[in-house]
Amino acid sequence: MKVIVANYRFFVAGGPERYMFRFMEAARRRGIEVIPFSVNLPQNEDTPYSRYFASPRADALMYADTGFSFRNVLGTLRATVYNTEAERKLRKLIRDERPDVLYILHEVNHLSPSVIRAAKKEHIPVIHRISDFFMFCARYDFLNGNQICEACIQRKYAHAIRSRCVKGSLAGTLLRVSAMKLYDRMKIFDDVDLFVVPSAFTAGKLKEGGVDPEKIRQIPTFTDCSRVRPCYENQKYFLFLGRMAHQKGVIYAIRAMTDLKDTGYVLKITGTLSDTEEDRDIRRYVEEHGLSEVVQFVGFTRGEALETLIRGAVCIVCPAIWYENMPNTVIEAYAYGKPVVASRLGSLAEMVEDHVTGLLFCPGDEKELAEKLRCFISNEELSVRLGKNARKKCETEYGEALHMKRWMESVRELTDRAHRFARETENNTQEMPI
């Protein structure tokens, strides 16, 4: 079997990329040839297929501000709406390699959904994994400020424009909404043969948005537990893993520590404070409430340092205020035998079994979060009991073998269907009267 994996980054920048490289490694161990398709960026991992990659949308690096030039504006328009270059280069890659399937992870605003049409023109089945809500929300996360907002799920975009949902920019929002309307008219997502979703919650949102339920398969994210030794001891700190993005709700974990600063426990955060207005507010809150000793920003961490950090935690804290789509941090926590304290929201409410593999609290309620964390302080065995349950859940529900089995079954289903259709078409053509 041969598969092309399309994602707009070919380096680890977050959960989707961690999944991508894990998937590629797991597939290769099973004799599947995996070919990447992405955007040519300086951060990318080395690959001989980079000659097929699409051009960046701007001269600036991905996380820098895009400079104002005709070339950059044109590149942004192309990548955000319909990337004809990506379509052309992917079609060449498909013709050269003849894969069995295209597996799309994330393409919006860079490769664009043009990659879907490219595969269809080359008669290759398309599987699209969904890691956020870009199909139904201009912001991708169903958030308006600190509140959940689903105004766009029925294709009513006026609210997004009024709210300037895309980075507070009217121009940016209009561009994004225009692209979404174009995709609706083109019915481009109808060309996807199968949508893979990690959680039942996300499957429900796709159905609400009009996706055919027959095209949806729930295949949870995975990790290889056999490579991770669980640790049920701790060093009296709670741990926030992941990006310090607004929707991750880190401020609520920090606020919760105001009620716990005399307990001897601390909160460690894998991030550093930048000079954004939001981070300045966080820094000010920490200083004004005397939390400098109990809230520690440990910076970006990976490898053995990250493993050590997770092993020493009492639990992992996930105070998200958006519909998390099965975050890797929860599965990683479970693999290490760590319970998770999470918002009762989105997929978190199905991943974290309350009082079994962790504790749930009302989103944005730092007082309740503090109460949940205090449970581990008053009962030190709680972390061990829930952590063992979490490890067992990881082994039985989020294992690599189960994920790949379900994924390969889905591919075979699509390829068998495609072969039947080709045979029927050939037979019908032969039977046509001259």
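Just so you know, these numbers come straight off a predicted model, no measurement behind them. (Residues numbered from 1 in each chain as written. Predicted model: local features only at pLDDT ≥ 70, side-chain atom pairs only at ≥ 80, totals over all residues. Heavy atoms only, no water.)

Focus: the overall build of the chain
Here is step 1: A count of helices and strands for the chain gives 15 helices and 14 strands.
Here is step 2: Against the 2.2 N^0.38 benchmark of 22 Å for 434 residues, the chain shows a C-alpha radius of gyration of 23 Å, consistent with a compact globule.
Here is step 3: Oriented by its inertia axes, the alpha-carbon framework of the chain measures out at about 90 × 45 × 40 Å.
Here is step 4: Counting all 434 residues of the chain, 54% fall into the buried class.
Here is step 5: Carbon and sulfur atoms form 50% of the exposed surface of the chain, whose accessible area is close to 19,700 Å². (Helix = DSSP H or I, 4+ residues; strand = E, 2+ residues; numbered from the N terminus. Rg over C-alpha atoms; globule rule 2.2 N^0.38 Å. Buried < 20%, exposed > 50% of the residue type's maximum accessible area, 1.4 Å probe, protein only. Areas by Shrake-Rupley, 256 points an atom, 1.4 Å probe, with all protein chains shown as cover.)

Brief notes about the pairing of strand β1 (residues 2-7)
Here is step 1: With six of six residues buried, β1 lies mostly within the body of the structure.
Here is step 2: Here β1 shows two buried faces, one formed by Lys2, Ile4 and Ala6 and the other by Val3, Val5 and Asn7.
Here is step 3: In this sheet, strand β2 (residues 33-37) lies alongside β1 in parallel orientation, the contact comprising five bridges. In the sheet register, Ile4 faces β2, and the bridge partner there is Ile35.
Here is step 4: Taking the sense of rotation as the criterion, the β-α-β connection linking β1, helix α1 (residues 15-29) and β2 turns out right-handed.
Here is step 5: Judged from the five bridges that link them, β1 and strand β3 (residues 101-106) form a sheet pairing that is parallel. Across the sheet, the residue bridging to Ile4 is Leu102, located in β3. (Pairing = 2+ DSSP bridges. Right-handed = clockwise from strand over helix to strand, strands pointing away.)

With respect to the pattern of salt bridges
Pairing between side chains becomes possible if they bear opposite charge and their charged atoms approach one another.
Here is step 1: The final tally for this structure, using the stated rule, is 31 salt bridges.
Here is step 2: The closest approach of N and O atoms between Arg98 and Glu122, which form a salt bridge, is 3.8 Å. Taken as a pair, Arg98 in the loop between α3 (84-97) and β3 and Glu122 in the loop between α4 (114-121) and β4 (126-129) lie far apart in primary sequence, 24 residues in all.
Here is step 3: Its relative accessible area of 45% is what places Arg98 among the partly exposed residues.
Here is step 4: Of the residues examined, Glu122 reaches a relative accessible area of 8% and is grouped as buried.
Here is step 5: In this structure, the salt-bridge partner of Asp259 is Lys367, at a minimum N-O distance of 3.3 Å. One end of the pair, Asp259, is in the loop between α8 (250-256) and β10 (266-269); the other, Lys367, is in helix α13 (residues 366-378), with 108 residues separating them in the sequence.
Here is step 6: By relative accessible area, which is 32% here, Asp259 ends up partly exposed. (Salt bridge = Lys/Arg side-chain N within 4 Å of Asp/Glu carboxyl O.)

Regarding the environment of Asn44
Here is step 1: On the secondary structure map, Asn44 appears in the loop between β2 and α2 (70-81).
Here is step 2: Sequence spacing of Asn44 and Arg9 is 35 residues, and the spatial spacing of their C-alpha atoms is 7.0 Å.
Here is step 3: Engagement of the side chain of Asn44 in a polar contact is seen with the backbone nitrogen of Phe10, the distance being 3.3 Å. (Polar contact = N/O pair within 3.5 Å; in protein donor to acceptor, adjacent residues only side chain to side chain.)

A closer look at the environment of Ser226
Here is step 1: Relative to the helices and strands, Ser226 resides in the loop between β8 (216-218) and β9 (237-240).
Here is step 2: Its relative accessible area of 65% is what places Ser226 among the exposed residues.
Here is step 3: With 174 residues separating them along the chain, Ser226 and Glu400 place their C-alpha atoms 9.6 Å apart.
Here is step 4: A polar contact is formed between the side chain of Ser226 and the side chain of Asp224, at a distance of 2.5 Å.

Focus: the sheet that holds β1
Here is step 1: Ordered in space as β2-β1-β3-β4-β7-β8, the six strands form an open sheet in which the pairing is parallel. Lying at the two open borders of the sheet, with one neighbouring strand each, are β2 and β8. The mean inter-strand angle of the sheet, taken between neighbouring strand axes irrespective of direction, is 25°.
Here is step 2: With three bridges connecting them, β3 and β4 associate as parallel partners. Looking at the pairing, Tyr103 lines up with Ile127 of β4.
Here is step 3: Against the sheet, α3 makes contact with β1, β2 and β3, and its axis sits at roughly 160° relative to β2, the strand it touches most. (Axes fitted to C-alpha atoms, helices over the stretch in contact; angles between N-to-C directions. Contact = heavy atoms within 4.5 Å.)

What to know about the packing of helix α11 (residues 328-335) against helix α14 (residues 381-397)
Here is step 1: Between α11 and α14, the shortest axis-to-axis distance is 7 Å and the interhelical angle comes to 115°. What the angle tells us is that α11 and α14 run roughly perpendicular. Here the hand of the crossing between α11 and α14 comes out left-handed. Residue-level contacts link Ile331, Tyr334 and Ala335 of α11 to Ala390, Arg391, Lys393 and Cys394 of α14.
Here is step 2: Of the residues belonging to the contact of α11 with α14, the class tally is five nonpolar, no polar and two charged. (Parallel < 35°, antiparallel > 145°, perpendicular 65-115°, else oblique. Left-handed = near helix turned anticlockwise from the far one by under 90°. Nonpolar A, V, L, I, M, F, W, Y, C, P; charged D, E, K, R; others polar.)

Points about α13
Here is step 1: Along its 13 residues, α13 runs 18 Å from first to last C-alpha, staying within 8% of the 18 Å computed at 1.5 Å per residue.
Here is step 2: Along α13, the residues that are buried comprise Glu368, Leu369, Ala370, Lys372, Leu373, Phe376 and Ile377.
Here is step 3: If you follow the buried residues of α13, they end up packed against β9, α8, β12 (316-318), β13 (340-343), β14 (358-361) and α14.
Here is step 4: Here α13 starts with a cap whose side-chain oxygen sits 3.2 Å from the backbone nitrogen of Lys367, and that cap is Asp365. (Expected span 1.5 Å × (residues − 1).)

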